[in-house]
Amino acid sequence: MTHILVLGAGYTGVAAALRAARGTRRTGGRVTLVNASPRFTQRLRLHQTAAGQRPAEHLLADVVAGSGVELVLGRVAALDPAAREVRLDDGRVLGYDKLVYALGAVTDASVPGVAEHAYVYDRHDQAVRLAERLGSLTGGTVVVAGGGLTGVESATEIAESHPRLHVVLLSRGRPGAMMGPAARTYLDQALERLGVEVRAGVQVMKVLPGGIELAGGEHLDAAATLWTAGTRGLPLAAASGLSVDTRGRIVVDATLRSVSHPDVYAVGDAAAVSQPFGVLHGTCQGGIPMGLHAGDVLADELRGRTPRPFRFGYFHQPLSLGRRDAVIQFTRPDDSPRRWYLTGRLAVAYKEAVSSSPFPTFRMLKRGLVPVRAFALTAGLG
Ligand SMILES: Cc1cc2nc3c(=O)[nH]c(=O)nc-3n(C[C@H](O)[C@H](O)[C@H](O)COP(=O)(O)OP(=O)(O)OC[C@H]3O[C@@H](n4cnc5c(N)ncnc54)[C@H](O)[C@@H]3O)c2cc1C
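Note that the coordinates shown come from a computational prediction; the quantities given were computed from them, not determined experimentally.

**Student:** Outline the overall build of the protein chain, listing residues and values.
**Tutor:** A tally of regular secondary structure across the protein chain gives eleven helices and 24 strands. Along the three orthogonal principal directions, the C-alpha set of the protein chain runs to about 60 × 45 × 35 Å. For the protein chain, the proportion of its 382 residues judged to be buried stands at 51%. Taking as baseline every contact in the protein chain between residues at least 6 positions apart, the subset at least 24 positions apart corresponds to 63%. The protein chain carries 43 positive and 33 negative side-chain charges, and their two centres are separated by 7 Å.

As structure tokens, then:
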């Protein structure tokens, strides 16, 4: 028996575990999946949770039921790659032959005050806490820091659900800067329609209990501050001696194997994965194919086959603008914008299909129905 231990049951860890279980069951694989909480965290919908909506809950036990994957609930506290052991925070120790590290990322809290005073999306309960705070306010300002897709989705969702609150979106560059000019103009109009005040070209120096301080000394009062401006890998990867990049993500080779520890694979937001156009940034779009690929690599290894390199190209940037509007920017494989984009109802339906798609994918994976590299075939790169 080869014991495959998958750490983290988010989108990518579940994909890896289900794929590995299916691919190795005839060659003596045993798969254990470890996660801190019993629920599946729908990270793609945390901005909806923060705005006070209640997206459907999925228990991990149901997600993996019937797959042969053993689920262990516990928080990973430390790794010892030399001893091939993982320690949980309650003292349990789990051994492995092969490890898939899929613990995601956490907020980069290097700006003073973020850890103490800002709301973040690291865990589901933190989005719930923000929802409670927003629900308790009768007025005032909510600051959303970060003009990337998560910041824009959060600002629009909060503004639509809480029209009595004044939402300010702070961004170093222009919000949605990665999109093409037409999609960006649409996004700007949506922000204006929802009453979101955009402050572009600003830098936050400090988050305070009741506001924030900008470079130059300007102070903004805020009844709540949501921080979406950057993530990092968990410190435990570097602490265990694994090679990590400047953002704490595990550096892997073309088969998603750690460059420093050959029994360790890393996928999703936790991994620094290079493609010819650069290092991938954290998305489900790229993360689920990585999870599937890691499962296939492990199956190949057990069969004595040479694993294939991971190849991926981006396809789209799907962006919700509240529940009634959205904009989808189609992209080249390197994530640069193409001319095509969708808006309005069609875009809302598209975005909803994207956000719901992991669950049918997991069901198909349990039945062995997801074709090899199905998700990596985007943009003709597969
Ligand atoms: C609001 C929002 C909207 C987004 N929208 C999109 C989108 O439209 N399209 C897209 O492609 N991407 C989107 N993303 C990004 C996407 O959600 C992430 O890239 C994706 O979740 C990464 O998957 P993952 O499996 O690597 O990490 P995660 O989904 O974060 O899963 C990590 C898992 O590890 C568990 N864990 C963490 N630490 C420990 C520990 N110490 N011990 C045990 N378990 C632990 C967590 O509980 C979690 O289950 C969005 C992100 C946000 C926040």
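Moving on, there is more to tell.
**Student:** Describe helix H6 (residues 149-161), naming the residues involved and giving the relevant values.
**Tutor:** Its 13 residues place the ends of H6 18 Å apart at the C-alpha level, agreeing with the 18 Å of an ideal helix rising 1.5 Å per residue. Burial analysis of H6 places ten of its 13 residues in the buried class, the great majority of the element. All buried positions along H6 are accounted for by Gly151, Val152, Glu153, Ser154, Ala155, Thr156, Glu157, Ile158, Ala159 and Glu160.

**Student:** Quick one: what's the story with the sheet that holds strand E10 (residues 166-171), residue by residue and with numbers?
**Tutor:** In spatial order, the strands read E11-E10-E9-E15; together these four strands make up an open sheet with parallel pairing. At either end of the open sheet lies a strand with only one pairing partner, and these are strand E11 (197-200) and strand E15 (224-227). If you compare each strand with its neighbour and ignore which way they point, the axes differ by 20° on average. Inspection of the sheet shows strand E9 (residues 141-145) paired to E15 by four bridges, in the parallel sense. By the bridge assignment for E15, Val144 is matched with Leu226. Most of the contacts of H6 go to E10, to which it runs at about 170°, and overall it touches E9, E10 and E15.

**Student:** How would you summarise the packing of aromatic side chains if you had to cite specific residues and measurements?
**Tutor:** Counted under the stated rule, the structure contains nine aromatic pairs. Residues Phe40 and Phe359 carry aromatic rings whose centres are separated by 5.4 Å and whose planes lie at 75° to one another, so their mutual orientation is edge-to-face. One end of the pair, Phe40, is in the loop between strand E2 (29-35) and helix H2 (46-50); the other, Phe359, is in helix H11 (residues 358-366), and 319 residues separate them in sequence. Ring centres of Phe312 and Tyr314 lie 5.2 Å apart, and the angle between their planes is 80°; this geometry places the pair in the edge-to-face category. Every member of this aromatic cluster is reached through a ring pair, and the members are Tyr11, Phe40, Phe359 and Phe362.

**Student:** Give a detailed account of the nonpolar core, specifying residues and quantitative values.
**Tutor:** Of all hydrophobic cores here, the largest spans 60 residues; its most connected members are Leu7, Val14, Leu79, Val86, Tyr101 and Phe362. In terms of residue count, helix H1 (residues 11-24) provides more of this core than any other element does, eight residues in total. Not counting chain neighbours up to four residues away, the residues in contact with Leu7 comprise Val34, Val76, Leu79, Val86, Leu99, Val100, Tyr101, Ala102 and Leu103. Counting 30 residues, the second-largest nonpolar core is a separate cluster that includes Leu46, Ile158, Ala183 and Ala224.

**Student:** Could you give an account of the side chain of Asp325, naming the residues involved and the relevant values?
**Tutor:** For Asp325, the position within the fold is in the loop between strand E22 (316-320) and strand E23 (326-331). Residue class for Asp325 comes out buried when judged on its relative accessible area of 8%. Looking at Asp325, its side chain comes within polar contact range of the side chain of Tyr186, at 2.8 Å. Among the polar contacts listed, one links the side chain of Asp325 to the side chain of Arg193, at a separation of 2.7 Å. Setting aside its immediate chain neighbours within four residues, Asp325 contacts Tyr186, Ala190, Arg193, Ser320, Gly344 and Val348.

**Student:** With reference to specific residues and values, describe the site of the ligand.
**Tutor:** Taken together, 28 residues form the shell around the ligand, and within it Thr12, Val76, Asp269, Cys284 and Lys351 come nearest. In this structure, Gln285 approaches the ligand through a main-chain N or O atom, which is 2.9 Å from an oxygen atom. In the model, an oxygen atom of the ligand is placed 2.7 Å from a nitrogen or oxygen of the Lys351 side chain. Out of a free accessible area of 1000 Å², the ligand has 90% covered by protein chains. Tallied by class, residues from the shell around the ligand come to eleven nonpolar, twelve polar and five charged.

**Student:** Break down the pairing of strand E12 (residues 204-208) for me, citing the residues and quoting the values.
**Tutor:** Inspection of the sheet shows E12 paired to strand E13 (residues 211-214) by four bridges, in the antiparallel sense. Considered in E13, the bridge of Val204 is made with Leu214. With antiparallel pairing between neighbouring strands as the criterion, E12 and E13 make up a hairpin whose turn holds two residues.

**Student:** Residue-level account of the environment of Asp188, with values.
**Tutor:** If you trace the backbone, Asp188 turns up in helix H7 (residues 181-193). Residue class for Asp188 comes out partly exposed when judged on its relative accessible area of 26%. In sequence terms Asp188 and Val152 are 36 residues apart; their C-alpha atoms lie 9.9 Å from each other.

**Student:** Describe a positive patch on the surface, with residues and values.
**Tutor:** Among the surface-exposed residues, Arg22, Arg25, Arg26 and Arg303 lie close enough to one another that they form a single positively charged patch. With respect to the element layout, Arg26 can be found in the loop between H1 and E2.

**Student:** I'd like to hear about the pattern of salt bridges, residue by residue, with values.
**Tutor:** In total, this model carries 18 salt bridges according to the counting rule given. Here Glu57 makes a salt bridge to Arg39, at a shortest N to O gap of 2.8 Å. Placement of Glu57 in the loop between H2 and helix H3 (60-64) and of Arg39 in the loop between E2 and H2 is noted, with a sequence separation of 18 residues between them. Residue classification places Arg39 among the partly exposed residues on the basis of a relative accessible area of 21%. Where Arg123 meets Asp125, a salt bridge forms, and the shortest distance between an N and an O atom there is 2.8 Å. Relative accessible area serves as the criterion here: at 37%, Arg123 is assigned to the partly exposed category. Taking relative accessible area as the criterion, Asp125 reaches 37% and is therefore assigned partly exposed. One network of salt bridges, with partners in common, ties together Arg84, Lys98, Arg257, Asp263 and Glu301.

**Student:** Please set out the side chain of Thr49 residue by residue, giving values where relevant.
**Tutor:** Along the chain, Thr49 falls in helix H2. Those residues in contact with Thr49, other than ones at most four positions away along the chain, are Pro55, His124, Ala127, Val128 and Ala131.

Criteria and cut-off values
- Residues numbered from 1 in each chain as written.
- Predicted model: local features only at pLDDT ≥ 70, side-chain atom pairs only at ≥ 80, totals over all residues.
- Heavy atoms only, no water.
- Helix = DSSP H or I, 4+ residues; strand = E, 2+ residues; numbered from the N terminus.
- Buried < 20%, exposed > 50% of the residue type's maximum accessible area, 1.4 Å probe, protein only.
- Contact = heavy atoms within 4.5 Å.
- Lys, Arg positive; Asp, Glu negative; His and termini not counted.
- Charge placed at Lys NZ, Arg CZ, Asp CG, Glu CD.
- Expected span 1.5 Å × (residues − 1).
- Pairing = 2+ DSSP bridges.
- Axes fitted to C-alpha atoms, helices over the stretch in contact; angles between N-to-C directions.
- Phe/Tyr/Trp six-rings, centres within 6.5 Å; stacked < 30°, edge-to-face > 60°.
- Core = buried A, V, L, I, M, F, W, Y, C linked by side-chain atoms within 4.5 Å.
- Polar contact = N/O pair within 3.5 Å; in protein donor to acceptor, adjacent residues only side chain to side chain.
- Near = heavy atom within 4 Å.
- Areas by Shrake-Rupley, 256 points an atom, 1.4 Å probe, with all protein chains shown as cover.
- Nonpolar A, V, L, I, M, F, W, Y, C, P; charged D, E, K, R; others polar.
- Patch = residues over 30% accessible without salt bridge, like charges linked within 9 Å, V, L, I, M, F, W, Y side chains within 5 Å.
- Salt bridge = Lys/Arg side-chain N within 4 Å of Asp/Glu carboxyl O.

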